[in-house]
Amino acid sequence: MSKPKIYLSSPHMGTKEFDYVKEAFDTNWISPVGPHITAFESELAQYNSISHCAALSSGTAAIHLALIILGVEQNDEVICSSFTFSGTCNPIAYQKAIPVFIDSEPETWNMDPALLEQAIEDRIKKTGKAPKAIIVVHLYGMPAKIEQIMSIARKFNIPVIEDAAEALGSTVNDKKLGTFGDLGVFSFNGNKIITTSGGGALVSENEAWIAKARFLATQARDQAPHYQHTEIGFNYRLSNICAGIGRGQLQVLDERIKARRANFDHYFKHLSDYKGFSFPKEPSFFFSNRWLSTIIIDPLKAKCDREKIRLALEAENIEARPLWKPMHRQPVFASYPNYQNGVSDKLFEQGLCLPSGSNLTSGEISSVLELIKQQVG
Ligand SMILES: Cc1ncc(COP(=O)(O)O)c(C=O)c1O
């Protein structure tokens, strides 16, 4: 019989989620409207100290609606972090727009502000106009250099969508990620720091944009007693049941962040002295929710490489995963413009995400550590 699996990041329910779900059943709000949705939106907005929030069916849906709200259309260019999950940039393709990928800086692994500025200048030179929007990602919970990115974006008057799908609760100078840009995106997919099984949200200080997001997410139904449509809409709303799960999860979010940060600290304490092993550190005034604990293994310095460790863990039914493959290396996006510096390529070659759930036991973490230590002798 195989050993019980240790997951990379699995759902971790608190004590209130089921009560909220039961309330939805008891009151028959089994639908994509209902009191949990409204409450979840206002509780999430309050947690992030932002004025407006629309709960949606996924983070990808939130990015898609953000692009539509910003007027992104066919052949418009949209700047996007290259080092990310495809959910960040697939919506650019949904709009038949053109992604322009920007590589990472080595400190936070997120969009390199210097490369961003060069890329904007180059796009203006090549196409005669500025890109229509910027999507900046905060990967693995680590904040991007968002203040620098915002000031470059403001200089060129380009709106910013912050993809904080992995970074709920992370901050820069005590300000929550997702609230620096013109629009912010969260994901509540099953692997995220809190989950609604599947879900997402779009936040903004712009009330009209969030009202527009709700309108588009409910099939763009005009105000009329009958069904009338003057725009193409989507079925992107979160269900009242899932919103109930989200309300319970929000109550334990800060505990989940604490547990994930403790995982990271544990890995760091036990592995950072090994030759060739390194971990991403938080720059001053940056606070990461440490959604996933990640490690870099330099095969020229360490006594093993990333794959040896990943395969050893896999053989013991422990899930670990290479860091994201950059979008400029993905066959489906390879033909689009990109601005590279080699940073994300190297991260992809040498990086590994370790089991990171807030529900990992100390015994499970010890097994992971033991196995890794065995690979380096
Ligand atoms: C960085 C990033 N962006 C976007 C998404 C898309 O979110 P969802 O899965 O809720 O559509 C995810 C995660 O799944 C993600 O990790």
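Above this text you will find the structure in question.
Nothing here was measured: the structure is a model prediction, and the numbers come from that model.

A.B. asks: Just to check I follow, could you spell out helix α11 (residues 362-375) for this structure?
C.D. replies: Residue pairs three or four apart in sequence face the same way in an α-helix, which turns once every 3.6 residues. With 14 residues, α11 should cover 20 Å at 1.5 Å per step; its first-to-last C-alpha distance of 20 Å lies within 8% of that length. Among the residues making up α11, those that are buried are Ile365, Val368, Leu369, Leu371, Ile372 and Gln375. The arc enclosing the buried residues of α11, seen along the axis, measures out at 160°, which places them on a common side. For α11, the exposed residues lying more than 90 degrees away from the buried face are Ser362 and Gln374. Looking at the buried side of α11, the elements it contacts are α8 (240-271), β10 (277-278), α9 (306-315) and β15 (351-354). Positioned one or two residues after α11, Gly377 has a phi angle of 80°, which is positive.

A.B. asks: What am I meant to see in the packing of aromatic side chains here?
C.D. replies: We describe a pair of aromatic rings using the distance from one ring centre to the other and the angle between the two ring planes. Counting across every chain of the model gives 13 aromatic pairs. On the basis of an interplanar angle of 5° and a centroid distance of 6.5 Å, the ring pair of Tyr140 and Trp324 is categorised as stacked. Remark: Trp324 occurs in the loop between β13 (321-322) and β14 (338-339) and Tyr140 occurs in the loop between β4 (133-137) and α6 (146-155); sequence separation between them is 184 residues. Where Phe333 meets Tyr336, the ring centres are 6.2 Å apart and the plane angle is 50°; that geometry is what we call tilted. Three or more aromatic residues joined by ring pairs form one cluster here, namely Phe83, Phe85, Trp109, Tyr140, Trp291 and Trp324. Stacked on the ring of Tyr47, the Lys or Arg Lys176 has its end atom at 4.3 Å from the ring centre. Positioned above the aromatic ring of Phe264 is the side chain of Arg290, whose terminal nitrogen or guanidinium carbon lies 3.4 Å from the ring centre.

A.B. asks: What's the story with the site of the ligand in this structure? I'm lost.
C.D. replies: Taken together, 15 residues are adjacent to the ligand, and Thr60, Asp163, Glu166, Ser187 and Lys192 come closest. Between the ligand and Thr88, the relevant distance is 3.3 Å, taken from a nitrogen atom to a side-chain nitrogen or oxygen of the residue. One of the side-chain N or O atoms of Glu166 is found 2.6 Å from an oxygen atom in the ligand. Isolated, the ligand exposes 380 Å² of accessible area, and the fraction of that covered by the protein chains is 93%. Classifying every residue of the shell around the ligand by side-chain character gives 3 nonpolar, 9 polar and 3 charged.

A.B. asks: Help me out: how do you make sense of the pattern of salt bridges in this one?
C.D. replies: Two side chains carrying opposite charge are able to pair once their charged atoms lie near each other. Applying the stated criterion across every chain yields a total of 22 salt bridges. One salt bridge connects Arg154 with Asp182, and the closest N-O pair in it is separated by 3.2 Å. Remark: Asp182 occurs in the loop between β7 (175-176) and β8 (183-187) and Arg154 occurs in helix α6; sequence separation between them is 28 residues. Judged by relative accessible area, which is 44%, Arg154 ranks as partly exposed.

What counts as what
- Residues numbered from 1 in each chain as written.
- Predicted model: local features only at pLDDT ≥ 70, side-chain atom pairs only at ≥ 80, totals over all residues.
- Heavy atoms only, no water.
- Helix = DSSP H or I, 4+ residues; strand = E, 2+ residues; numbered from the N terminus.
- Expected span 1.5 Å × (residues − 1).
- Buried < 20%, exposed > 50% of the residue type's maximum accessible area, 1.4 Å probe, protein only.
- Arc of directions from axis to C-beta.
- Contact = heavy atoms within 4.5 Å.
- Phe/Tyr/Trp six-rings, centres within 6.5 Å; stacked < 30°, edge-to-face > 60°.
- Lys NZ or Arg CZ within 6 Å of the ring centre and 35° of its normal.
- Near = heavy atom within 4 Å.
- Polar contact = N/O pair within 3.5 Å; in protein donor to acceptor, adjacent residues only side chain to side chain.
- Areas by Shrake-Rupley, 256 points an atom, 1.4 Å probe, with all protein chains shown as cover.
- Nonpolar A, V, L, I, M, F, W, Y, C, P; charged D, E, K, R; others polar.
- Salt bridge = Lys/Arg side-chain N within 4 Å of Asp/Glu carboxyl O.

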